[in-house]
Amino acid sequence: RILRPGLLLMADDASSIDAHTLAAYRAARYVVPGVKGFVLSVDQYSPRLEAAHRRHEVGCSAFLTAFNPRGQQLDGAENLRRHTDLQVTVAAMRLSYRTGFGVDPEHEWPEECSVLVFGLALEPACMIGRHFEQNALIWAGSDAVPRLVLLR
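Given the structure is predicted, the values throughout are model-derived calculations rather than measurements.

**Q** Even after reading the chapter, I still don't get the side chain of Ser61, so can you show me in this structure?
**A** Inspection of the secondary structure puts Ser61 in strand S5 (residues 61-65). A distance of 2.8 Å separates the side chain of Ser61 from the side chain of His53, its partner in a polar contact. Beyond its immediate sequence surroundings of up to four residues, Ser61 is in contact with Leu49, His53, Leu116, Val117, Phe118, Gly119, Leu120, Ile138, Trp139 and Ala140.

What follows is the structure, encoded as structure tokens:
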């Protein structure tokens with residue numbers, strides 16, 4: 001259900017995520033590096049994401065991470081293991097994806113390895129996010145506007 005423009009809550013109850021953490025998710029930059037790379041910001045239309053959707057012939061995408069479940073910082077080796085598991089999960093779905101990373105502009109959190117998965121509908125994206133115990137994910141539909149989707 002929609003809580004306010006740009007914020008979706010996929011859990012049954014009100015979110016248990018604190019306001020500071022929500023603000024950090026909204027302020028973060030979601031980077032997809034490369035020659036045709038781009039940066040996603042919550043609630044801001046991305047012409048490059050729209051172009052990527054066209055190239056991949058999809059109407060949606062999800063930016064996911066497996067790092068730091070439920071906002072609890074893990075050591076680098078464990079986070080990298082989880083990221084590899086996420087890539088295996090996405091590859092098994094036979095969907096195109098690009099690796100990327102989330103960046104906290106306040107530098108309170110280290111960069112988080114992530115994937116931008118093309119053609120991943122909202123419900124399956126939420127299932128993957130919950131499997132990896134994430135608080136939230138970024139999802140964009142055909143409007144190419146990344147939305148913060150809360151999972152708890």
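**Q** In this structure, what is going on with the pattern of salt bridges? I would like to understand it.
**A** In a structure, side chains of opposite charge can pair up when their charged atoms sit close to one another. According to the stated counting rule, one finds 7 salt bridges in the structure shown. A salt bridge links Asp43 to Arg147; its shortest N-O distance comes to 3.3 Å. Residue Asp43 is found in the loop between strand S4 (38-40) and helix H2 (47-56), and its partner Arg147 is found in strand S9 (residues 147-150); the two are separated by 104 residues along the sequence. One salt bridge in this structure joins Glu133 and Arg82, with 3.9 Å as the shortest N-O distance. Highlighted residues: Glu133 in the loop between helix H4 (122-131) and strand S8 (136-140) and Arg82 in helix H3 (residues 76-92), separated in sequence by 51 residues. Residue classification places Glu133 among the partly exposed positions, given a relative accessible area of 34%.

What counts, and where the lines are drawn
- Residues numbered from 1 in each chain as written.
- Predicted model: local features only at pLDDT ≥ 70, side-chain atom pairs only at ≥ 80, totals over all residues.
- Heavy atoms only, no water.
- Helix = DSSP H or I, 4+ residues; strand = E, 2+ residues; numbered from the N terminus.
- Polar contact = N/O pair within 3.5 Å; in protein donor to acceptor, adjacent residues only side chain to side chain.
- Contact = heavy atoms within 4.5 Å.
- Salt bridge = Lys/Arg side-chain N within 4 Å of Asp/Glu carboxyl O.
- Buried < 20%, exposed > 50% of the residue type's maximum accessible area, 1.4 Å probe, protein only.

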